[in-house]
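This is what each chain is made of:
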Amino acid sequence: MKKIFLLVLITTALQAQKTAGVIRYDYGFDRLKMIEKNKFLSNEQKQRALQTSKNYEMYKSGTELTFNTEGSYYGAAADERGNSWQKTEYWVRRDFTENKVLETQMISGKVYIVEDSLYTFPWKIKSEIKEVAGYLCMLATTYDSVRNYTIEAWFTTDIPLSIGPEEFMGLPGAILEVNIDEGVVLITATAVTLNEKQELPPLPKKVKGKRYTHIAYKEAVTKYVKTMEEAKQFPWGLRY
């Protein structure tokens, strides 16, 4: 009986260690690939845009997902905070106890503070597996019908929380890699630090901007994308 009790204690302790910590990601954005994959520009317009952007290297930055059983916070890595050229840095705070999300978004320079219940994409879990940051991961896919691209996510059940970077969550484990639109954006975990006493960072003292529901924000995105497509321009003002 004592051995069984000890085993339960050890198992519980090990499980707790897997549900709190920090995941460091490399975030990469390929501007040239985005131009090549654009669906509404003519070949002449694409070639002109590619020529104008030929000296752009793939944009890279570090991001972090801090998490515990009560919630998660995703944003710029600690060593890169304050380096954003935007007037408002992008971050996502999820509260699992209240089933709420608070996040900053921007559309063409306008700040949208999205405050709503937790939301997720409709995922399809596949049979493919691979290793990411030392963890065995499974593949899941979904489709963004607003911006017309496929999203691939690699998640691990070894970290048994429905967490992930950017807008992405809703899988039976932590998302360690996200591939958006066949490599236009690639977010890959490079390090996972587990800490059962991990606390979430505080929210910025001043969260400025009008509050929107997730549906209202998506409607604004849809309107902006349609306007840009009709004008034969890139929807640069969105986080891809």
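For clarity, every value in this text was computed on a predicted model and none was experimentally measured. Sequence order sets the numbering: in each chain, residues are counted from 1 along the sequence as written. Where totals are concerned, whole chains, interfaces and linings use all residues; where local detail is concerned, this predicted model gives features only for residues with pLDDT of at least 70, and gives and counts side-chain atom pairs only at 80 or more. To get the side-chain values, take all heavy atoms of the structure and skip hydrogens and water.

## Considering the overall build of the protein chain
Strands are runs of DSSP state E lasting at least 2 residues, helices are runs of H or I lasting at least 4, and numbering of each runs from the N terminus. Helices and strands together make up the secondary structure of the protein chain, namely four helices and twelve strands. Accessibility here uses a 1.4 Å probe with only protein chains present; expressed as a share of the type maximum, an area under 20% marks a residue as buried, one over 50% as exposed, and anything in between as partly exposed. Counting over 240 residues, the protein chain shows a buried share of 43%. Contacts are assigned to residue pairs that have any heavy atoms within 4.5 Å of one another. Partitioning the intrachain contacts of the protein chain with sequence separation of at least 6 by distance along the chain shows that 58% fall at a separation of at least 24. Accessible surface area values rest on a Shrake-Rupley calculation with a 1.4 Å probe, where residue burial reflects the displayed protein chains alone. Carbon and sulfur atoms make up 53% of the accessible area of the protein chain, which totals about 13,600 Å².

## Some thoughts on a nonpolar patch on the surface
Here a patch means residues that are over 30% exposed by relative accessible area and free of salt bridges, tied together within 9 Å if like-charged and within 5 Å if nonpolar (Val, Leu, Ile, Met, Phe, Trp, Tyr). Each salt bridge in this description consists of a side-chain nitrogen of Lys or Arg and a carboxyl oxygen of Asp or Glu lying within 4 Å of one another. A surface patch of nonpolar side chains, amounting to about 370 Å² of accessible area, comprises Ile125, Ile129, Leu136 and Met138. Those elements that provide at least two residues to the nonpolar patch are β7 (124-132) and β8 (135-144). On the secondary structure map, isoleucine 129 appears in strand β7. For isoleucine 129, a relative accessible area of 52% corresponds to the exposed category.

## With respect to the pairing of strand β3 (residues 71-76)
Summarising burial for β3: five of the six residues are buried, a large majority. For two strands to be treated as a pair, DSSP must find no fewer than two bridges joining them. Judged from the six bridges that link them, strand β2 (residues 59-68) and β3 form a sheet pairing that is antiparallel. Across the sheet, residue leucine 65 finds its bridge partner in β3, namely tyrosine 74. Relative to strand β4 (residues 92-95), β3 is paired through four bridges, and the arrangement is antiparallel. Its bridge partner lying in β4, serine 72 is registered against arginine 94.

## Digging into the packing of aromatic side chains
Note on aromatic pairs: the rings of Phe, Tyr and Trp (six-membered ring only in Trp) are paired at centre separations within 6.5 Å, and the planes decide the class, stacked below 30 degrees, edge-to-face beyond 60, tilted for the rest. Taken as a whole, this structure holds eight aromatic pairs when the rule is applied. Aromatic pair tryptophan 123 and phenylalanine 168: ring centres 6.3 Å apart, planes at 65°, arrangement edge-to-face. Taken together, the positions of tryptophan 123 in the loop between β6 (110-117) and β7 and phenylalanine 168 in the loop between β9 (149-156) and β10 (174-180) put the pair 45 residues apart, joining distant regions of the chain. The same class applies to tryptophan 123 and to phenylalanine 168, which are both buried. Three or more aromatic residues link up through ring pairs in this structure, and these residues are Tyr25, Tyr74 and Tyr90.

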